[in-house]
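Letter by letter, the chains look like this.
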Amino acid sequence: MKLFDSHCHLNDPVFRKDFDHILQRMQEAEVAAVMIVGIDAENSRSAVQLARTRPEFYAAVGAHPHDAKSCSDEHFETLRELASHPEVRAIGETGLDFNRMYSPPEDQEKWFLRHLELADEMNLPLIFHERDSGGRFLELLKGNHRPKRQGVIHCFSGNRSELEWYLALGYHIGITGILTHQTRGQELRRQVQHIPADRILIETDAPYLTPAPHKNRTRRNEPAFVRATLLKLAEVRGEDPEELSAILWENTCRLFRISLD
């Protein structure tokens, strides 16, 4: 198999002490590529710098909704400059998160819309973050829709209606290790059966959201563990893991405009 971790934060300091071992475990798990996702201007810069070190690394640049209150025109110009680098294949992560309200809703919405504009300007797909927005995220997406805009709903956790809307708008759906969690993943396991095979991506969100069975041994997630999500996804959908992995690889490369080879 050849797997693509479509969303991780491999530039997080928690990975520094054993980075070579992480790469080794990726190889053993047949994880052939990763998307390193930025959460603010400086973090996005480090994502791009890390992506330059290995051909299987790619980067996305953006400001997470948690950090929206700290975003500025200057920070956004940094994101625009970084987005021109060849290693950068997406804008994000961006969106709305009304769960903990680390940033006021008006700040989150302002910079979310600016990310949409930047992605259109740079002709790049988006990596979306949504949590407990009460329908506002989808409302903004629908109200500012562009037919040619592409993207992925990172760590999808919505309901059937939201899923159908995301698909109708042309977006992909990102599935994390939550799928493997016995209780927390029940609803997600029902939803993934309704996603067309050509619109699914798998991701770790490492170092967060460690899948089972790895979460019984370590709290820190890493790209190699995306294999556990793939195997559970194949089980839930009743599909062959190798055949599904090939479809997911093609989906991810197509979305991020990466050569299939």
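**Let's talk about the overall build of the protein**
Okay, so step 1: Within the protein, the secondary structure is distributed over 9 helices and 8 strands.
Okay, so step 2: Taken against the 2.2 N^0.38 rule, which gives 18 Å for 261 residues, the C-alpha radius of gyration of the protein at 17 Å falls within 12% of a compact globule.
Okay, so step 3: Oriented by its inertia axes, the alpha-carbon framework of the protein measures out at about 45 × 40 × 35 Å.
Okay, so step 4: Across the 261 residues of the protein, 56% fall into the buried class.
Okay, so step 5: Nonlocal contacts in the protein, meaning residues at least 24 apart in sequence, comprise 72% of its contacts between residues at least 6 apart.
Okay, so step 6: Per element, the accessible surface of the protein, about 11,600 Å² overall, is 47% carbon and sulfur.
Okay, so step 7: Each charge class in the protein was averaged separately, 33 positive and 40 negative side chains, and the resulting centres sit 2 Å apart.

**Details of the side chain of histidine 154**
Okay, so step 1: Within the secondary structure, histidine 154 sits in the loop between strand 6 (151-153) and helix 6 (160-168).
Okay, so step 2: Note on histidine 154: relative accessible area 4%, which makes it buried.
Okay, so step 3: Residues in contact with histidine 154, not counting those within four places in the same chain, are His7, Glu93, Ile127, Phe128, His129, Gly174, Glu203 and Asp205.

**Observations concerning the sheet that holds strand 2 (residues 31-37)**
Okay, so step 1: In spatial order, the strands read 1-2-3-4-5-6-7-8; together these 8 strands make up an open sheet with parallel pairing. Of all strands in the sheet, those bounded by a partner on one side alone are strand 1 (3-8) and strand 8 (200-202). Neighbour-to-neighbour, the strand axes of this sheet turn through a mean angle of 25°, independent of strand direction.
Okay, so step 2: Two strands pair when backbone bridges link them, and strand 6 and strand 7 (residues 172-175) are joined in this way by 2 bridges, in the parallel orientation.

**Some details on the environment of aspartate 107**
Okay, so step 1: Looking at the element boundaries, aspartate 107 is found in helix 4 (residues 105-122).
Okay, so step 2: The sequence separation of aspartate 107 and alanine 212 amounts to 105 residues, and the corresponding C-alpha distance is 36 Å.
Okay, so step 3: Aspartate 107 has contacts with Ala68 and Lys69, leaving out every residue within four places of it along the chain.

**Points about the packing of helix 4 against helix 5 (residues 136-143)**
Okay, so step 1: Remark: helix 4 packs on helix 5, axes separated minimally by 11 Å, with the N-to-C direction vectors making an angle of 35°. At the point where helix 4 passes helix 5, the crossing takes the right-handed sense. Mapping the contact onto sequence places Glu109, Phe112, Leu113 and Leu116 in helix 4 and Arg136, Phe137, Leu140 and Leu141 in helix 5.
Okay, so step 2: For the contact of helix 4 with helix 5, a count of residues per class yields 6 nonpolar, no polar and 2 charged.

Parameters and conventions
Residues numbered from 1 in each chain as written. Predicted model: local features only at pLDDT ≥ 70, side-chain atom pairs only at ≥ 80, totals over all residues. Heavy atoms only, no water. Helix = DSSP H or I, 4+ residues; strand = E, 2+ residues; numbered from the N terminus. Rg over C-alpha atoms; globule rule 2.2 N^0.38 Å. Buried < 20%, exposed > 50% of the residue type's maximum accessible area, 1.4 Å probe, protein only. Contact = heavy atoms within 4.5 Å. Areas by Shrake-Rupley, 256 points an atom, 1.4 Å probe, with all protein chains shown as cover. Lys, Arg positive; Asp, Glu negative; His and termini not counted. Charge placed at Lys NZ, Arg CZ, Asp CG, Glu CD. Pairing = 2+ DSSP bridges. Axes fitted to C-alpha atoms, helices over the stretch in contact; angles between N-to-C directions. Left-handed = near helix turned anticlockwise from the far one by under 90°. Nonpolar A, V, L, I, M, F, W, Y, C, P; charged D, E, K, R; others polar.

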